[in-house]
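Tertiary structure, described
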Amino acid sequence: MNTKALIDTAAALVAGDKGLLAMDESNPTCNKRFARLEIPQTVEARRAYRELIVTTPGLGQCISGAILYDETIRQQKKDGTLFVKVITDAGIIPGIKVDTGAKDLAGFPGEKVTEGLDGLVARVQEYSRMGARFAKWRAVIAIGAGIPTPGCIDANVHALARYAAICQQAGLVPIVEPEVLMDGAHDLQRCFEVTEQVLRAVFNQLNAQRVMLEGMILKPNMVLPGLTCPKQETVDEVADATVRCLLRTVPAAVPGIAFLSGGQAGELASARLNAMNVRFKSRLPWAVAFSFARAIQQPALEIWQGEEAHVSAAQQALYHRAWCNTAARRGEYKIAMERTDRAIAPRGGSSTQGSISTPMETGHAPEIRRR
Ligand code: 13P
């Protein structure tokens, strides 16, 4: 095992104020999101959407690593350039989702276990040859009446730790993602207790499976009230609860925490990440970063709608959300950074691609025009 390479890659993924872009939706998940917007659910539409993402001008200023899906890591731009090369040339580290999805856990109604360990050694070796330097595995824990059960937590954290050990052996940094879901009417305190219980179990198993903590990244949920809980805590209260929970459970040897967004609105996810960095950054042993999918991609997808003419505007929206999250890492995100006067460039109109001013140049988010 090349310990130094793992440590260097893990550090690079959370260095500075950048974060990860999750663009590893499985085909069924991607198709579901396309269907809602009446975008064709085809291989070519998924390829075109991923090309839009990876060719976003300036993306490498905000994104340290991009998590790809099995279909995507094999795909190319229209001109034949592999996506892996496009993102590597942009200074972004390629990663890959290696789990094969959360399936019903036998004997535990309402609970899931993530599969994908069978054949994983050969698969990660192949992904490594294709240029991936890190990997992701997502476990899903639901909160409800009588759940999560210890049986569900044990099954999921065992698989997470086996996956992490296999990745490190193959030279890939494991992103360890135990997601406690937001769905439900539970309160913040219940999410706190479940997240604490799950993270304790995760690190017990990571230690049992001899995972090197310096060569991994944790991708947890924020500690939030359930989506339908009548009491919704403030941004600062969420930041306090999340950091308290992580300080109790995540060893200081872990270089970084990169949150999932889990269905939070993009602005809210940025504001909560920002509050954690404003209130605690100088006192935390690990970097507090982001690894968002929906909270970075959703506005861009809604603008794109499968239309070539909307690509440039969608890329600006994607860049904007990524950039807002770098500001949140510095504790400098403000709601005023969000623009409301968005309109989409007219079909066939001149493209702004390649001409987005960087925040480093202007001190402002790029203009975003939405229909
Ligand atoms: P969201 O940010 O949309 O929750 O996705 C993150 C992710 O990678 C899910 O596995």
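In this report, the structure presented in the accompanying data block is examined. (Residues numbered from 1 in each chain as written. Predicted model: local features only at pLDDT ≥ 70, side-chain atom pairs only at ≥ 80, totals over all residues. Heavy atoms only, no water.)

Some remarks on the overall build of the chain
Let me state the cut-off plainly: Runs of E in the DSSP output that reach at least two residues are strands. Runs of H or I that reach at least four are helices, and both are numbered from the N terminus. Restricting the calculation to C-alpha atoms gives the radius of gyration, and the globule rule supplies 2.2 Å times the number of residues raised to the power 0.38. Contact criterion: two residues are considered in contact whenever any of their non-hydrogen atoms come within 4.5 Å of each other. Here the accessible surface of atoms and residues is derived via Shrake-Rupley with a 1.4 Å probe, and residues count as covered only by protein chains that are part of the display. In this count, Lys and Arg are taken as positive residues and Asp and Glu as negative ones, while His and the chain termini are left out. Just so you know, the charge point we use is NZ for Lys, CZ for Arg, CG for Asp and CD for Glu.
The helix and strand inventory of the chain stands at 13 helices and 10 strands. The C-alpha atoms of the chain give a radius of gyration of 20 Å, which matches the 21 Å a tight globule of 371 residues would have. When the backbone C-alpha atoms are referred to their principal axes, the chain occupies close to 55 × 45 × 40 Å. Here the analysis covers contacts within the chain between residues at least 6 apart in sequence; of these, 80% occur between residues at least 24 apart. With an accessible surface of roughly 15,000 Å², the chain has 51% of that area assigned to carbon and sulfur atoms. Positive and negative side-chain charges in the chain, numbering 43 and 38 respectively, have mean positions lying 2 Å apart.

Describing the pairing of strand 1 (residues 19-22)
On a regular strand, each side chain points to the face opposite its neighbour's, so the side chains alternate between the two faces of the sheet. Going by this rule: One requirement defines pairing of two strands: DSSP has to find at least two bridges between them.
With four bridges connecting them, strand 1 and strand 2 (residues 63-68) associate as parallel partners. Note on strand 2: the bridge partner recorded for Gly 19 is Ile 63. As judged from the two bridges shared by strand 1 and strand 10 (residues 287-292), these two strands associate in the parallel manner. Across the sheet, residue Leu 20 finds its bridge partner in strand 10, namely Ser 291.

Focus on unusual backbone geometry
The omega torsion of the bond from Ile 147 to Pro 148 falls at 10°, within 30 degrees of zero and hence cis. Structurally, the position occupied by Pro 148 is in the loop between strand 6 (134-141) and helix 7 (150-169). Despite not being glycine, Glu 38 shows a phi value in the positive range, around 60°. Tracing the backbone through its elements, the reader meets Glu 38 in the loop between helix 2 (27-36) and helix 3 (43-54). Phi is positive for Gln 305, close to 55°, though the residue is something other than glycine.

Focus on the environment of Glu 44
For the record, the criterion: The cut-offs for exposure are 20% and 50% of the maximum accessible area for each residue type, with area from a 1.4 Å probe on protein chains only; residues under the lower value are buried, those over the upper are exposed, and the others partly exposed.
Mapped onto the fold, Glu 44 is located in helix 3. The class of Glu 44 is partly exposed, set by a relative accessible area of 40%. Sequence separation of Glu 44 and Gln 75 is 31 residues, and the distance between their C-alpha atoms is 9.9 Å.

Thoughts on the environment of Gly 263
Mapped onto the secondary structure, Gly 263 falls in the loop between strand 9 (256-259) and helix 10 (266-280). Distance in space between the C-alpha atoms of Gly 263 and Asp 183 is 9.4 Å, their sequence separation being 80 residues. The contact partners of Gly 263, leaving out residues within four places of it in the chain, are Met 182 and Arg 294.

Re the packing of helix 11 (residues 294-304) against helix 12 (residues 311-330)
Condition: Convention adopted: a line fitted to C-alpha atoms gives each axis, helices being fitted over their contacting stretch, and angles between N-to-C directions are expressed from 0 to 180 degrees. In these notes the angle categories are as follows: under 35 degrees is roughly parallel, over 145 is roughly antiparallel, 65 to 115 is roughly perpendicular, and the rest is oblique. Note: crossing handedness is left-handed where the near helix turns anticlockwise from the far helix by less than a right angle, and right-handed where it turns clockwise. Lys, Arg, Asp and Glu make up the charged group, whereas Ala, Val, Leu, Ile, Met, Phe, Trp, Tyr, Cys and Pro make up the nonpolar group; the residues left over, Gly among them, are polar.
Taken N-terminus to C-terminus, the directions of helix 11 and helix 12 make an angle of 165°; their axes are 8 Å apart at the nearest point. Classified by the angle between their axes, helix 11 and helix 12 sit roughly antiparallel to one another. Handedness of the crossing formed by helix 11 with helix 12: right-handed. Contact residues: helix 11 offers Ala 295, Ile 296, Gln 297, Pro 299, Ala 300, Ile 303 and Trp 304, while helix 12 offers Val 311, Ala 313, Ala 314, Ala 317, Leu 318, Arg 321, Ala 322 and Asn 325. A per-class count over the contact of helix 11 with helix 12 returns 12 nonpolar, two polar and one charged.

Thoughts on the packing of aromatic side chains
Convention followed: Any pair of Phe, Tyr and Trp rings, taking the six-membered ring for Trp, is counted once the centres come within 6.5 Å. Such a pair is stacked with planes under 30 degrees apart, edge-to-face with planes over 60 apart, and tilted for the rest.
For the structure shown, the criterion picks out five aromatic pairs. Between Phe 34 and Tyr 49, the ring centres sit 5.7 Å apart and the planes meet at 80°, which makes this aromatic pair edge-to-face. Linking Phe 34 in helix 2 with Tyr 49 in helix 3, this pair joins segments that are 15 residues apart in sequence. Grouping aromatic residues by their ring pairs yields a cluster made of Phe 34, Tyr 49 and Trp 304.

Observations concerning the sheet that holds strand 7 (residues 173-180)
The sheet built from eight strands closes into a barrel, its strands ordered 1-2-3-6-7-8-9-10 with parallel pairing. Along the sheet, helix 8 (residues 188-208) contacts strand 6, strand 7 and strand 8 (217-218); its crossing angle with strand 7, the most-contacted strand, is approximately 150°. Contacting strand 9 and strand 10, helix 10 crosses the sheet at an angle of about 170° to strand 10.

Structural notes on the nonpolar core
We count it as follows: Here, nonpolar core refers to any group of buried Ala, Val, Leu, Ile, Met, Phe, Trp, Tyr and Cys residues whose side-chain atoms link them within 4.5 Å.
Tyr 163 and Leu 206 are the most contacted members of the largest nonpolar core, which has 122 residues in total. No other element matches helix 12, which puts 11 residues into this core. The contact partners of Tyr 163, leaving out residues within four places of it in the chain, are Val 98, Leu 117, Leu 120, Ala 135, Lys 136, Trp 137, Pro 174, Ile 175 and Val 176.

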